[in-house]
Amino acid sequence: GQNIDQPTEMTATEGAIVQINCTYQTSGFNGLFWYQQHAGEAPTFLSYNVLDGLEEKGRFSSFLSRSKGYSYLLLKELQMKDSASYLCAVAGGFKTIFGAGTRLFVKA
Amino acid sequence: GAVVSQHPSRVICKSGTSVKIECRSLDFQATTMFWYRQFPKQSLMLMATSNEGSKATYEQGVEKDKFLINHASLTLSTLTVTSAHPEDSSFYICSARGSGPYSNQPQHFGDGTRLSIL
């Protein structure tokens with residue numbers, strides 16, 4: 001079957017670093033996406049990994065290990081506005097499968 | 001970046017009304033568009049996949065006669081909720097993907113439509 005697992009909730013402090021993990025089992029793999037979704041809003045695209053390794057984009061970095069079926073999103077220098085849900089999504093074949101999302105709470 | 005426009009952003013209407021939601025890709029041709037529904041504090045639920053010029057593919061449990069999808073051009077897909085009832089109240093979000101049938105292109109999301117049926 002197809003399955004994407006990520007923690008339901010995480011809490012971190014402003015200015016800190018947080019790592020959101022995602023494990024997946026899918027039939028077919030064309031890459032892994034991370035999206036950010038603020039409450040009441042639609043998701044916005046953050047990153048795409050198709051090869052193993054770390055992709056850095058400003059305060060956000062995303063890592064992929066295809067052999068382990070594992071990815072993480074790393075957020076540095078956390079800001080209050082980073083409080084949101086972070087969705088891990090795997091592209092497989094014709095469909096993209098979304099995880100349930102990790103709600104991140106950033107506290108002062 | 002790629003822009004997807006969804007309209008209207010909010011609809012409040014009486015039970016029994018049909019509601020049409022439009023999704024447009026503004027700066028790229030979208031061969032594939034997706035329609036999702038999301039209840040508060042829950043994950044995105046894929047309702048259907050819309051391919052330009054062909055019939056939409058509905059997910060299990062989604063009534064195709066209730067949720068009519070039309071993808072008439074490479075830049076426009078519409079979702080019509082027919083004879084809406086209070087249980088259809090939800091946040092409906094469309095997304096579009098660039099050319100090619102494969103999923104290695106990111107999906108870009110519209111801003112969503114909050115539908116409230118009284």
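Structure: see above.
Keep in mind it's a predicted model, so treat the numbers as computed, not measured.

Caption draft 1: Region of interest: the sheet that holds strand β8 (residues 70-75) of chain A. Residues and elements named next belong to chain A. If you trace the five strands from one edge of the open sheet to the other, you get β1-β3-β8-β7-β6, paired in antiparallel fashion. Looking at the sheet topology across the chains shown, the edges are occupied by β1 (3-5) and β6 (53-57). Averaged over neighbouring strand pairs, the angle between their axes works out to 15 degrees when direction is ignored. Here strand β3 (residues 18-25) pairs with β8 via six bridges, running antiparallel. Each bridged residue has a counterpart across the sheet, and for Asn 21 the counterpart in β8 is Tyr 72.

Caption draft 2: How the structure looks around the interface of chain A and chain B. Taken residue by residue, the interface counts 21 residues in chain A and 22 residues in chain B. Here chain A and chain B share an interface that buries about 1,600 Å² over both sides, 58% of which is from carbon and sulfur atoms. Three residues stand out in chain A for area buried against chain B, namely Phe94(A), Lys95(A) and Phe98(A), and they jointly supply 29% of the buried area on that side. Applying the counting rule to chain A against chain B returns zero salt bridges. Taken together, chain A and chain B are joined by four residue pairs in polar contact (both at pLDDT 80 or more). Within the residue set of the side of chain A that touches chain B, elements represented by two or more residues are β4 (31-37), β5 (44-49), β9 (84-92) and β10 (95-98) of chain A.

Caption draft 3: Quick peek at the sheet that holds strand β3 (residues 19-25) of chain B. Residues and elements named next belong to chain B. Across the sheet, which stays open at both edges, the four strands sit in the order β1-β3-β8-β7 with antiparallel pairing between neighbours. Among the strands making up the open sheet, the edge pair consists of β1 (4-7) and β7 (67-73). The sheet shows a mean angle of 15 degrees between the axes of neighbouring strands, direction not considered. Pairing between β7 and strand β8 (residues 76-81): five bridges, direction antiparallel. Its bridge partner being in β8, Asn 70 is matched across the sheet by Thr 78.

Caption draft 4: Highlighting the state of the cysteines. In total, this model carries two disulfides over all chains according to the counting rule given. Cys22(A) shares a disulfide with Cys88(A); S-S distance 2.0 Å. Between Cys22(A) and Cys88(A), the S-S torsion sits near -70 degrees, and that sign places the bridge as left-handed. One end of the pair, Cys22(A), is in strand β3; the other, Cys88(A), is in strand β9, with 66 residues separating them in the sequence. A residue is classified by how much of its surface remains accessible, and Cys22(A), at 1% relative accessible area, is buried. Classification of Cys88(A) as buried rests on a relative accessible area of 0%. What pairs with Cys23(B) in a disulfide is Cys94(B), and their sulfur atoms sit 2.0 Å apart.

What counts as what
Residues numbered from 1 in each chain as written. Chains lettered and ligands numbered in written order. Predicted model: local features only at pLDDT ≥ 70, side-chain atom pairs only at ≥ 80, totals over all residues. Heavy atoms only, no water. Pairing = 2+ DSSP bridges. Helix = DSSP H or I, 4+ residues; strand = E, 2+ residues; numbered from the N terminus. Axes fitted to C-alpha atoms, helices over the stretch in contact; angles between N-to-C directions. Contact = heavy atoms within 4.5 Å. Buried area = accessible area lost by both parts, 1.4 Å probe. Salt bridge = Lys/Arg side-chain N within 4 Å of Asp/Glu carboxyl O. Polar contact = N/O pair within 3.5 Å; in protein donor to acceptor, adjacent residues only side chain to side chain. Disulfide = S-S within 2.5 Å. Buried < 20%, exposed > 50% of the residue type's maximum accessible area, 1.4 Å probe, protein only.

Note that every value here comes from positions in space, so none of it alone points to a role or purpose.
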